[in-house]
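Overview (structure and organization)
One-letter residues, chain by chain:
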Amino acid sequence: MYGKLKRHFTTKHGHLLNKDKTYFSRLLSSNVKQSKQLEKLTNISDKSQIASYKVAELIVKKMQPHTIAENLILPACKEIVKSMLGDSAEKEVSRVPLSNNIISRRIDDMSSDIQKHVSEILCDDRKFSLQIDESTDISQKCQLLNGTPAMTDKFKGFVSKLKQNFPNIISTHCFIHREALMIKSIPGELKNVLDLVIKMVNYIKSRDLKTRILKKMCEEAGSRYEVLVLHTQIRWLSKGKDENILTSYDKLNGFLRKINLWISHVEKKQLQMFPLTANVDPDGEVTSDLIINHLIILKEKICCSVTVIRNTRINYTCT
């Protein structure tokens, strides 16, 4: 073996015959350094990979084109870090993979991961509930939607689609909003006024320019509120994000007690709990009977809802 190596060295590398051991040690050290440098330049660090996924997540949440990462986000980040931290930081940022194809793969990876985890939860033989859903209006304000055709349509609604594959699921309409309950039982005299208000509000909210004009007018007038809420027949009794059918029982019972209190006051023509109405009818001569009639109907509707919730809680406890 030694003879073969010596012959190869003599015939192929004769120009190195007179070099001493120090030369070869130095050459070996140089090659090792170059190899490590090349590996450092070509390998993507874990931090770069994480940054790439985080950028992809932001892009998909904002529903922006994938190319924005490579064409805007990366150049902007490089300029920022170069100005604040120097050239070395810019080089590090440049190593974050943000091409169009990579961002697309990142989004697919995250989607598959979410689907995998959800599937594992669903296959774990545990009971669970879904509380849905949320959308945004033209001014990017969150609007909770419930009871719409997208949810409850007999053929194309989410519930009907779900029951095609899972016929034994239990679906319940949202009980924790006031306006939906109110509108379904509102007397005709009040409904005419409310319909006009809804029409005006939705007209403004469906037009971006008019929404901005109204906001400016409210600012100039010193109004307490500057944004209209798109009328979706929803207004939560509780502001908590974790409110659901099982936790709303006590709140609806409390609301029932409040309705009884309101009725007792309105019977005495005391409308302090309805300040806007009291401003136009301070003696309660015009609106008292109308309000009492509406509150009684509303009370009956909520009592039915409370009964359903109580039975649902019993079923969940038993199972």
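Up top is the structure these notes are about.
Reference entry: report on the structure contained in this document. Note that the coordinates shown come from a computational prediction; the quantities given were computed from them, not determined experimentally.

1. Let's talk about the overall build of the chain
- Along the chain, the regular secondary structure elements total 14 helices and two strands.
- The proportion of buried residues among the 319 residues of the chain is 24%.
- Within the chain, counting contacts between residues at least 6 apart in sequence, those at least 24 apart form 59% of the total.
- Entry remark: accessible area of the chain is about 23600 Å², with carbon and sulfur atoms responsible for 57%.

2. Side note on the packing of aromatic side chains
- As enumerated under the stated definition, the model contains two aromatic pairs in all.
- With a centroid separation of 6.0 Å and 85° between ring planes, the pair formed by Phe255 and Trp262 is classed as edge-to-face. Residues Phe255 and Trp262 agree in their burial class; the two are buried.
- Between the aromatic rings of Trp262 and Phe274, the centroid separation amounts to 5.4 Å while the plane-to-plane angle is 65°, which identifies the pairing as edge-to-face. Separated by 12 residues along the polypeptide, Trp262 in helix 12 (residues 249-267) and Phe274 in the loop between helix 12 and helix 13 (275-280) bring together distant segments of the chain.
- What makes Trp262 buried here is its relative accessible area of 18%.

3. A few points about the nonpolar core
- Counting 17 residues, the largest nonpolar core has Ile259, Val266, Leu295 and Ile302 as the members making the most contacts within it.
- For this core, the secondary-structure elements that each account for two or more residues are helix 12 and helix 14 (288-318).
- With eight residues, the top contributor of residues to this core is helix 12.
- One finds Ile59, Ala69, Val81 and Leu98 within the second-largest nonpolar core, a separate group that totals 13 residues.

4. A few points about the pattern of salt bridges
- Enumeration over the complete set of coordinates arrives at four salt bridges.
- Across the pair Lys61 and Glu57 runs a salt bridge whose closest N-O atoms are separated by 3.3 Å. In this pair, Lys61 and Glu57 both sit in helix 3 (residues 46-61), four residues apart, roughly one turn of the helix.
- Residue classification places Lys61 among the exposed residues on the basis of a relative accessible area of 59%.
- Arg95 serves as the salt-bridge partner of Glu92, at 3.7 Å between the closest nitrogen and oxygen.

Definitions and cut-offs
All chains use their own residue numbering, which begins from 1 and follows the written sequence. Reporting of local features is limited, given that this is a predicted model, to residues whose pLDDT is at least 70; pairs of side-chain atoms are given and counted only at 80 or more, and all residues count toward the totals for whole chains, interfaces and linings. With hydrogens and water excluded, all non-hydrogen atoms of the structure serve as input to the side-chain values. Each helix corresponds to a stretch of at least 4 residues labelled H or I by DSSP, and each strand to a stretch of at least 2 residues labelled E; elements are numbered beginning at the N terminus. To sort residues, take the accessible area from a 1.4 Å probe on protein chains only and compare it with the maximum for the residue type: under 20% means buried, over 50% means exposed, and anything in between is partly exposed. What makes two residues a contact is simply this: any of their non-hydrogen atoms within 4.5 Å. In these tables, accessible area is a Shrake-Rupley quantity obtained with a 1.4 Å probe, and a residue counts as shielded only by the protein chains included in the view. Pairing of aromatic rings covers Phe, Tyr and the six-membered ring of Trp, with a centre-to-centre limit of 6.5 Å; geometry is then stacked below 30 degrees between planes, edge-to-face above 60, and tilted otherwise. As used here, the term nonpolar core means buried Ala, Val, Leu, Ile, Met, Phe, Trp, Tyr and Cys residues forming a set that is joined through side-chain atoms within 4.5 Å. By salt bridge we mean one thing: a side-chain nitrogen of Lys or Arg within 4 Å of a carboxyl oxygen of Asp or Glu.

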